[in-house]
Amino acid sequence: MKKELTIKEARELFKSEKVFATDSGFIFNDFGKYCPNLTFVIDREFNLDENGKVISPINYIEDREVTDSFNLDLNGEAKILFGDFWRSQKGGACFRPKDAKKAKHILVRVNWGGAFKSSRGFNGNGVHDCGALYFRCASSNGGGSGCDYWILPVGYVHQYGTNVYRIDWETAHSYCARISATSKAQRAEFDHLYKSKLIAEEISRKSRAALLPALVEIDQKLGELGEYVRVSRISLDDTYFTLGYRQPMLYTSENLAFVQEFLDDETARVEQIKAERLAEQQKWEEFTPKFMSLQQRAEAVDMTITVENCKHAELYCGDERIMQKDYSYESLEAFDAKIREKEQSLEAQRRAAAKLQAEAEARAAGLPSDIRIWKRTGGRTGCSKGWVIGSDGVARERDDLFNENYRRAQRYDEGYEIWNQILPGELVIRWSKSCTAADHECEVIHRPDMLTEAQIEKVAEIQSDIDEEWRGLTGLASKKESPSIGDGWLALLV
C-alpha cells in the first residue's frame with residue numbers, strides 16, 4: 001500500500017528541513033559532514049510497512065554478492081541503494097531511488113574506521129580512473145572514521161591493471177532480479193499484514209462496547225489494589241486499550257482474558273504482601289518493648305535504638321548507624337551484645353584512667369614502683385612467682401611480662417612479671433624454689449601499714465595451693481621428698 005505525504009510529513013520522515021516539494025514529488029538535499037552531498041529526487045507516493053508507517057525510499061541494504069562483484073577494495077562495511085544518477089543543468093549530483101530491475105546505477109555507502117576497526121576506506125587516488133561516476137569521502141576532522149560514497153553503473157566490474165571497467169550484464173540481471181523480487185515480496189507481505197491490521201482494528205472498534213464494562217470493572221479492581229502496591233492501570237481508546245506500559249491491545253476476548261489473568265495474579269500478589277505486612281506488624285508489636293528495654297543502657301553509653309521501621313530495628317552510636325537487624329531474638333541478643341561491648345569498653349577506659357590516677361598518687365606518696373618478679377612455673381627447677389594482693393584479697397594482674405627470650409615468654413608465659421606501681425594497701429609477696437628437694441622460700445617484698453583479713457586469707461590460700469602442688473614429689477637425683485611450705489608468709493605477716 002502507498003501513501004502521499006505532505007511537505008511537513010516528508011521533512012519529518014527525512015529529519016531535515018532541506019526537503020522541498022515539486023510537481024511530481026520531493027527533492028531532498030542530503031548535504032552534511034557524513035552525508036553523500038547528493039540531491040535525492042523522491043516520488044510523492046511512499047510504501048507503507050505492516051503497521052501502516054511510511055518506509056523511506058533511501059534505504060541502503062547489505063548484499064555481499066553485489067558489492068563483491070565490483071572487484072574493488074572498498075575497505076569498509078558496504079551497503080547499496082539502486083536508482084538513477086545524473087547531473088543537473090548546474091552540475092549538481094542527483095539520484096532517484098528505483099527498483100533494482102529498473103535502475104541504471106548503484107549508490108554504494110561504505111562505513112569505515114572508528115574504535116577498534118582497521119578499515120580506512122578508499123584512499124581516493126585514481127577513483128575516477130576506476131570508472132566511478134561519483135565519489136565522496138565524508139570523514140571526521142581527524143580522519144579516523146567516515147563514509148565513502150560511490151555511484152557505479154549496474155553490472156560494474158573493475159579490471160585491475162587497466163583504467164577501464166566492464167559491465168557484466170549476466171551477473172547484473174541475476175542480482176537485480178533477485179533483489180527486486182525480494183523487495184516486491186516484502187511489500188506484498190507488508191500490504192497483507194497492514195490490511196489484516198485494518199480489519200482487526202475495525203473488529204476491535206465494533207467489539208469495544210461489549211468488552212468495555214468488563215475492562216472498566218477490572219481497572220477499578222486494579223485501582224483498589226493500588227492502595228497497597230503500585231500496579232498497572234488500563235487506558236481505554238477507541239481501537240486499542242493499554243495495560244500499564246505494555247503494547248496496545250485490541251478489544252478481543254483473548255486480550256480480555258489476559259488482563260483478567262493479570263488481575264488475578266496482582267490480587268494474589270497483593271494478598272501475599274498484606275500477609276507479609278501483617279506478620280511484620282505483629283512481630284514489630286511483639287519485639288518493640290523488648291528492644292526498647294535496652295534503650296536506657298544504650299543511652300548511657302551514647303547509643304540509641306530506633307524501632308520506627310516495621311521491618312528492622314536500628315542501633316546508632318551518635319549519628320552513625322552501626323547495626324540494622326530484623327525483629328527476632330537473635331537480633332535482640334546482637335543488640336544486647338553490642339551495648340555490652342560498649343559498656344565494657346567504657347568501663348575498661350574508666351578503670352584505666354582510675355588506675356593511672358591511683359598510680360600517680362601512690363608514686364607521690366613514695367610507694368614502690370617498677371616491681372619485677374621472675375615467673376617460672378612450668379618445671380621443677382628454678383621456680384618462682386610473685387603476687388600483688390589488694391586490700392580486698394584479690395591478686396592484681398601484672399602490667400607487663402618481659403623476657404629477652406621472646407619464644408619462652410610466648411610459649412611458657414615465663415619471664416619478669418612487672419607491676420608499674422604498688423598502690424596503697426597492697427601486699428607484695430614472692431615465692432621461689434630452686435629444685436624439688438629444696439625449701440620453699442617465701443619473701444614479703446612490700447607490706448602495707450595494715451593488713452586486712454582478706455589479704456591474710458588470700459596468702460593462706462596461695463600457701464595451701466603451693467603445698468598441695470609439691471606434696472609427695474621427690475627429686476630426680478637426690479630422691480628426697482619436697483619439704484612442706486610450713487607457715488610460709490604467715491609466719492612473717494601474723
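Everything in this summary refers to the structure shown in the same document. (Residues numbered from 1 in each chain as written. Predicted model: local features only at pLDDT ≥ 70, side-chain atom pairs only at ≥ 80, totals over all residues. Heavy atoms only, no water.)

Some points on the overall build of the protein chain
Link 1 in the chain: The number of helices and strands found in the protein chain is nine helices and 24 strands.
Link 2 in the chain: In summary, the protein chain has a C-alpha radius of gyration of 49 Å against a globular reference of 23 Å for 494 residues, an excess of more than 25%.
Link 3 in the chain: When the backbone C-alpha atoms are referred to their principal axes, the protein chain occupies close to 135 × 75 × 50 Å.
Link 4 in the chain: A total of 494 residues make up the protein chain; the buried ones form 37% of that total.
Link 5 in the chain: Residue pairs at least 24 apart in sequence account for 56% of intrachain contacts in the protein chain once pairs closer than 6 positions are excluded.
Link 6 in the chain: Carbon and sulfur atoms make up 49% of the accessible area of the protein chain, which amounts to about 29000 Å² in all. (Helix = DSSP H or I, 4+ residues; strand = E, 2+ residues; numbered from the N terminus. Rg over C-alpha atoms; globule rule 2.2 N^0.38 Å. Buried < 20%, exposed > 50% of the residue type's maximum accessible area, 1.4 Å probe, protein only. Contact = heavy atoms within 4.5 Å. Areas by Shrake-Rupley, 256 points an atom, 1.4 Å probe, with all protein chains shown as cover.)

What to know about the sheet that holds strand β20 (residues 383-389)
Link 1 in the chain: The strand order β20-β23-β24 describes an open sheet built from three strands, whose pairing is antiparallel. Of all strands in the sheet, those with a lone pairing partner are β20 and β24 (441-446), marking the two edges. Shown here is a sheet whose adjacent strand axes are inclined to one another by a mean of 20°, direction ignored.
Link 2 in the chain: With seven bridges joining them, β20 and strand β23 (residues 427-433) adopt antiparallel strand pairing. From the neighbouring strand, isoleucine 389 faces β23, where its bridge partner is leucine 427. (Pairing = 2+ DSSP bridges. Axes fitted to C-alpha atoms, helices over the stretch in contact; angles between N-to-C directions.)

Thoughts on the sheet that holds strand β22 (residues 415-421)
Link 1 in the chain: One open sheet holds the three strands; their spatial order is β19-β22-β21, and the pairing between them is antiparallel. Edge positions in the sheet fall to β19 (369-375) and β21 (400-402), since each has one partner strand and no second. Averaged over all neighbouring strand pairs, the angle between strand axes comes to 30°, with direction disregarded.
Link 2 in the chain: Pairing of β21 with β22, which is carried by three bridges, proceeds in the antiparallel orientation. Across the sheet, the residue bridging to phenylalanine 402 is tyrosine 416, located in β22.

Digging into the nonpolar core
Link 1 in the chain: In terms of nonpolar packing, the biggest core is built from 23 residues, with Phe82, Ile106, Val108 and Trp150 touching the most fellow members.
Link 2 in the chain: Broken down by element, this core gets its largest block of residues, four residues, from helix α3 (residues 169-225).
Link 3 in the chain: Those residues within four positions of isoleucine 106 in sequence are excluded, and the remaining contacts are Val66, Phe70, Ile80, Leu81, Phe82, Trp150, Ile151, Leu152, Val154 and Tyr175.
Link 4 in the chain: With 22 residues, the next largest nonpolar core counts Leu5, Phe40, Ile42 and Ala138 among its residues. (Core = buried A, V, L, I, M, F, W, Y, C linked by side-chain atoms within 4.5 Å.)

Brief notes about the environment of arginine 380
Link 1 in the chain: Checked against the element boundaries, arginine 380 lands in the loop between β19 and β20.
Link 2 in the chain: Once residues within four sequence positions are removed from consideration, arginine 380 is found in contact with Ser434, Cys435, Thr436, Glu469, Trp470 and Leu473.

Some words on the packing of aromatic side chains
Link 1 in the chain: Scanning all chains against the criterion turns up 18 aromatic pairs.
Link 2 in the chain: Ring geometry for phenylalanine 14 and phenylalanine 46: centres 6.5 Å apart, planes at 55°, overall tilted. Of the two residues, phenylalanine 14 is situated in helix α1 (residues 7-14) and phenylalanine 46 in strand β5 (residues 45-47); the sequence distance between them amounts to 32 residues.
Link 3 in the chain: Residue classification places phenylalanine 46 among the buried positions, given a relative accessible area of 2%.
Link 4 in the chain: Put simply, the rings of Phe14, Phe26, Phe28, Phe40, Phe46 and Phe95 touch in pairs and so form one group of aromatic residues. (Phe/Tyr/Trp six-rings, centres within 6.5 Å; stacked < 30°, edge-to-face > 60°.)

Quick word on helix α4 (residues 253-292)
Link 1 in the chain: Taking 1.5 Å of rise per residue, 40 residues should cover 58 Å, and α4 covers 57 Å from first to last C-alpha, within 8% of that figure.
Link 2 in the chain: A bend of about 30° at glutamate 286 is the largest found in α4, and the proline proline 289 appears one to four places after it. (Expected span 1.5 Å × (residues − 1). Bend = angle between axes of the 7 residues up to and from the residue.)

Focus: the pattern of salt bridges
Link 1 in the chain: If you walk through the whole model with that rule in mind, you get 35 salt bridges.
Link 2 in the chain: Of the charged contacts in the structure, one is a salt bridge between arginine 297 and glutamate 343, with a shortest N-O distance of 3.0 Å. Here the residue arginine 297 occupies a position in helix α5 (residues 295-300), and glutamate 343 occupies one in helix α6 (residues 329-364), the gap between them amounting to 46 residues.
Link 3 in the chain: Owing to a relative accessible area of 27%, arginine 297 belongs among the partly exposed residues under this scheme.
Link 4 in the chain: Beyond isolated ion pairs, a larger network of salt bridges with shared partners links Lys355, Glu359, Arg396, Asp399 and Glu426. (Salt bridge = Lys/Arg side-chain N within 4 Å of Asp/Glu carboxyl O.)

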